[in-house]
Amino acid sequence: MVFIQGIRFLLCIGLLVGCSAQPPKIKTLPPKNTHDICALIKRKPQWYRLAQAAAQRWGTSPHILLAIIQGESGFKHNARPLRAAKGRKQKKYLSSAYGFAQALDATWSQYCKHTGKRGARRDNFEDCVHFIGWYNNRSTRQCGIRKNDSYNLYLAYHEGHVGFNKRTHKKKKAILHYARGVAAQANAYKKQLKRCQVSPIKKGARKSKFIDKRGLSLRIR
């Protein structure tokens, strides 16, 4: 009888330990080569499908949307602009920018309000690529920027529409240099897509096919 009670006690302890144990944290790491869009699509095929859907909705081409994400966060879902701190002080951030799109708190709240996406998250790729498309769409309306002008779209994205219209970026050589880098990345993505042979998404379609000339063929779901 004592033996049976001892076994029951051990089983209860085992169940308590099992229930209280925290699940391991899963890190979402970005693809290694984010400067080659074919390699990016191979690693994250769903990202390109989502970029295509955002392009249909807001009018900015997928290669520009992805270039802005590359420039802002390097495709890191939890990226934040960290300010250097001395010693072991608490981490300090330059701004409230966060996630794939490095969207500020106020701007993200405005996006959620205007689109009705109250549950949108800045660490969610689909939400972020649509956010960039939405912002670029507003840039074309408020700043008169062409939808294929990746250089000025990024400047407006960084400086804000009021800042862009006031030409605040003209005196910021570092920002101008960075915008040229984003534009160069967008152009590189556009050229690389010819090698990838990505078919354009059709309205209402749930799938699009990605074929790399090096022999890769897969279905983007």
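Treat the numbers as computed from the prediction; the structure is a model and nothing was measured. Residue numbering note: each chain is counted from 1, following its sequence as written. Under the rules for a predicted model, residues below a pLDDT of 70 receive no local features and side-chain atom pairs below 80 are neither given nor counted, while totals for whole chains, interfaces and linings still include all residues. Based on all heavy atoms of the structure, the side-chain values leave hydrogens and waters out of the count.

Chemist: So what's going on with the pattern of salt bridges? Residues and values would help.
Modeler: Each salt bridge in this description consists of a side-chain nitrogen of Lys or Arg and a carboxyl oxygen of Asp or Glu lying within 4 Å of one another. Overall, the coordinates contain four salt bridges when judged by the stated rule. When the shortest N-O distance is used, the salt bridge between R122 and D105 registers 2.8 Å. Taken together, the residues R122 in the loop between α5 (105–115) and α6 (125–143) and D105 in helix α5 connect sequence positions 17 residues apart. R121 serves as the salt-bridge partner of D123, at 2.9 Å between the closest nitrogen and oxygen. Relative accessibility under 20% of the residue-type maximum defines a buried residue, over 50% an exposed one, and the middle range a partly exposed one, all with a 1.4 Å probe and only protein chains included. For D123, a relative accessible area of 26% translates into the label partly exposed. For helices the rule is a DSSP run of H or I covering at least 4 residues; for strands it is a run of E covering at least 2, with both sets numbered from the N terminus onward.

Chemist: With reference to specific residues and values, describe the packing of aromatic side chains.
Modeler: Each aromatic pair joins two rings of Phe, Tyr and Trp (for Trp, the six-membered one) with centres within 6.5 Å, and gets the label stacked for planes under 30 degrees apart, edge-to-face for over 60, and tilted for any other angle. As enumerated under the stated definition, the model contains 15 aromatic pairs in all. Summarising the aromatic geometry, the rings of W47 and F75 are spaced 5.5 Å apart at their centres and angled 15° between planes, so their arrangement reads as stacked. Here the residue W47 occupies a position in helix α3 (residues 45–58), and F75 occupies one in the loop between α4 (62–73) and β1 (82–83), the gap between them amounting to 28 residues. For the pair W134 and Y135, a centre-to-centre distance of 6.2 Å together with 65° between the ring planes defines the contact as edge-to-face. Residues W134 and Y135 agree in their burial class; the two are buried.

Chemist: So what's going on with unusual backbone geometry? Residues and values would help.
Modeler: Most peptide bonds adopt trans geometry, and most residues besides glycine take a negative phi value. With a phi angle near 55°, Q102 is a residue other than glycine that sits in the positive phi range. Within the secondary structure, Q102 is located in the loop between β2 (92–93) and α5. Of the residues examined, Q102 reaches a relative accessible area of 12% and is grouped as buried. Of note, R167 is a non-glycine position whose phi angle comes to about 60°, a positive value. Counting through the fold element by element, R167 comes out in the loop between α7 (150–165) and α8 (173–196). Given a relative accessible area of 40%, R167 falls into the partly exposed group.

Chemist: Could you give an account of the packing of α3 against α4, with specific residues and numbers?
Modeler: To define axes, lines are fitted to C-alpha atoms, for helices over the stretch in contact only, and angles between the resulting N-to-C directions are given on a 0 to 180 degree scale. Their axes nearest at 8 Å, the elements α3 and α4 cross at an angle of 115°. Viewed along their axes, α3 and α4 form a crossing whose handedness is right-handed. Where α3 abuts α4, its residues Y48, A51, Q52, A54 and A55 lie against P62, L65 and L66. By residue class, the composition of the contact of α3 with α4 is seven nonpolar, one polar and no charged. Handedness of each helix crossing follows the sense of rotation of the near helix against the far helix: counterclockwise by less than a right angle gives left-handed, clockwise gives right-handed. Between two residues, a contact is recorded if the distance between any of their heavy atoms is within 4.5 Å. Basically, the charged four are Asp, Glu, Lys and Arg, the nonpolar ten are Ala, Val, Leu, Ile, Met, Phe, Trp, Tyr, Cys and Pro, and anything else, Gly included, counts as polar.

Chemist: Before we move on, can you summarise the state of the cysteines with the specific residues and values?
Modeler: Disulfide: a covalent bond formed between the sulfur atoms of two cysteine residues. A pair of cysteine sulfur atoms is labelled a disulfide when the two atoms are within 2.5 Å. Summed over all chains, the structure comprises one disulfide. Across the disulfide, C38 is cross-linked to C196 (sulfur-sulfur distance 1.7 Å). What sets the handedness of the C38 and C196 disulfide is the S-S torsion sign, and at about -120° it is left-handed. Pair noted here: C38 is in helix α2 (residues 37–43) and C196 is in helix α8, with a separation of 158 residues, a long-range link. Judged by relative accessible area, C38 falls into the buried class, the value being 0%. Owing to a relative accessible area of 0%, C196 belongs among the buried residues under this scheme.

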